[in-house]
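Descriptive analysis of the structure
Below are the chains, spelled out letter by letter.
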Amino acid sequence: MTHSRRIILKAGATAAALTAAGMALTEGTGQGKTLPLTPCTPGATTPPVMEGPYFKPNTPERSDLLTPGMPGVLITVSGTVFTQNCTPVARALIEAWQCDSKGIYDNSGYTLRGHFYTDANGKFSFKSIIPRDYGTGADYRAPHIHIKVQRPTAQVLTTQLFFPDDTEAYGLNFAEMNRRDRIFERRNVMPLSPKVDNHYDAAFDLVTY
Ligand SMILES: [Fe+2]
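This part takes up the sheet that holds strand β3 (residues 113-117). The antiparallel open sheet is built from four strands, whose spatial order is β3-β2-β5-β6. In the strand order of this sheet, the two ends are held by β3 and β6 (157-162), each with one partner. Neighbour-to-neighbour, the strand axes of this sheet turn through a mean angle of 25°, independent of strand direction. With five bridges connecting them, strand β2 (residues 93-97) and β3 associate as antiparallel partners. Looking across to β3, one finds that Leu-93 is bridged to Tyr-117.

See the structure below:
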């Protein structure tokens, strides 16, 4: 047997083992839940959520929404914009706006507001802080980031991104806040990496119209 023949056989055996493991995860008892999320479900957009009263047009083009000295828990949100056919969208427009760590929106200027574009592979990444909750009663809002996303020549999708129940920021109880918010959208909760040095990484793909 030649050297190259052995390598091919070994690679074949590995592939068979992987297939068996994949089938076990698919057909097994609950293990499938540990698989990574499917980034895009054909035919379904990211669930839209209302725009709310604080959107402002004509934001600066920037993917770093941080202002020097701004207090808050830092977050970098990264993902891919897809079509409903799960094709990455290059040059998709994303608009992001949010309140600060005290629950205040900047309605006179552009603090914590900006727009940016996906790259040639449909990927985006932006920097911000985790916003605080605000409002009372029926208008109570859990922490969220407002988003608009638009594929070139297509309709704008407006939504909001939320934080996991175990997020640690400002001594707040995110499970309780998410429960109280009447328009909270569990499907738009961004998975977070473990917090390191006051910073979270969030991963969330957007599926636009
Ligand atoms: Fe809001």
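Read on, since the account is not over.
Glancing now at the coordination of the iron ion. The coordination sphere of the iron ion contains the protein donors Tyr-105 (OH), Tyr-134 (OH), His-144 (NE2) and His-146 (NE2), at a distance range of 1.9 to 2.1 Å. Taken together, the four donor atoms coordinating the iron ion and their angles of 90 to 156° define a geometry best described as irregular. Coordination of the iron ion draws on donor residues from a single chain, spaced Y-x28-Y-x9-H-x1-H in sequence. Of the two residues, Tyr-105 is situated in the loop between β2 and β3 and His-146 in strand β5 (residues 144-150); the sequence distance between them amounts to 41 residues. The exposure class assigned to His-146 is buried, which follows from its relative accessible area of 2%.

By the element assignment, Asp-64 lies in the loop between α1 (3-27) and β1 (74-82). Judged by relative accessible area, Asp-64 falls into the partly exposed class, the value being 37%. For Asp-64 and Ser-128, which are 64 residues apart along the polypeptide, the C-alpha to C-alpha distance reads 6.6 Å. Looking at Asp-64, its side chain comes within polar contact range of the main-chain nitrogen of Leu-66, at 2.9 Å.

If you walk through the whole model with that rule in mind, you get one disulfide. Between the sulfur atoms of Cys-40 and its disulfide mate Cys-86 the distance is 2.3 Å. Between Cys-40 and Cys-86 the disulfide shows an S-S torsion of about -85°. By sign, it is left-handed. In this pair, Cys-40 sits in the loop between α1 and β1 while Cys-86 sits in the loop between β1 and β2, placing the two residues 46 residues apart along the sequence. Exposure remark for Cys-86: the relative accessible area of 21% places this residue in the partly exposed category.

Turning our attention to the layout of surface pockets. Taken as a whole, the second largest pocket holds about 200 Å³ of empty space. Classifying every residue of the lining of the second largest pocket gives seven nonpolar, four polar and four charged.

Definitions and limits used
- Residues numbered from 1 in each chain as written.
- Predicted model: local features only at pLDDT ≥ 70, side-chain atom pairs only at ≥ 80, totals over all residues.
- Heavy atoms only, no water.
- Pairing = 2+ DSSP bridges.
- Helix = DSSP H or I, 4+ residues; strand = E, 2+ residues; numbered from the N terminus.
- Axes fitted to C-alpha atoms, helices over the stretch in contact; angles between N-to-C directions.
- Donors = N, O, S within 2.8 Å, 3.2 Å for Na, K, Ca; no water.
- Tetrahedral: all angles 85-135°; square planar, octahedral: opposite > 155°, others 65-115°.
- Buried < 20%, exposed > 50% of the residue type's maximum accessible area, 1.4 Å probe, protein only.
- Polar contact = N/O pair within 3.5 Å; in protein donor to acceptor, adjacent residues only side chain to side chain.
- Disulfide = S-S within 2.5 Å.
- 1 Å grid on protein atoms, 1.4 Å probe; cavity = no way out; pocket = protein on both sides within 12 Å on 5 of 7 lines; lining within 4 Å.
- Points joined across faces, edges and corners; volume = space filled by probe spheres on them.
- Nonpolar A, V, L, I, M, F, W, Y, C, P; charged D, E, K, R; others polar.

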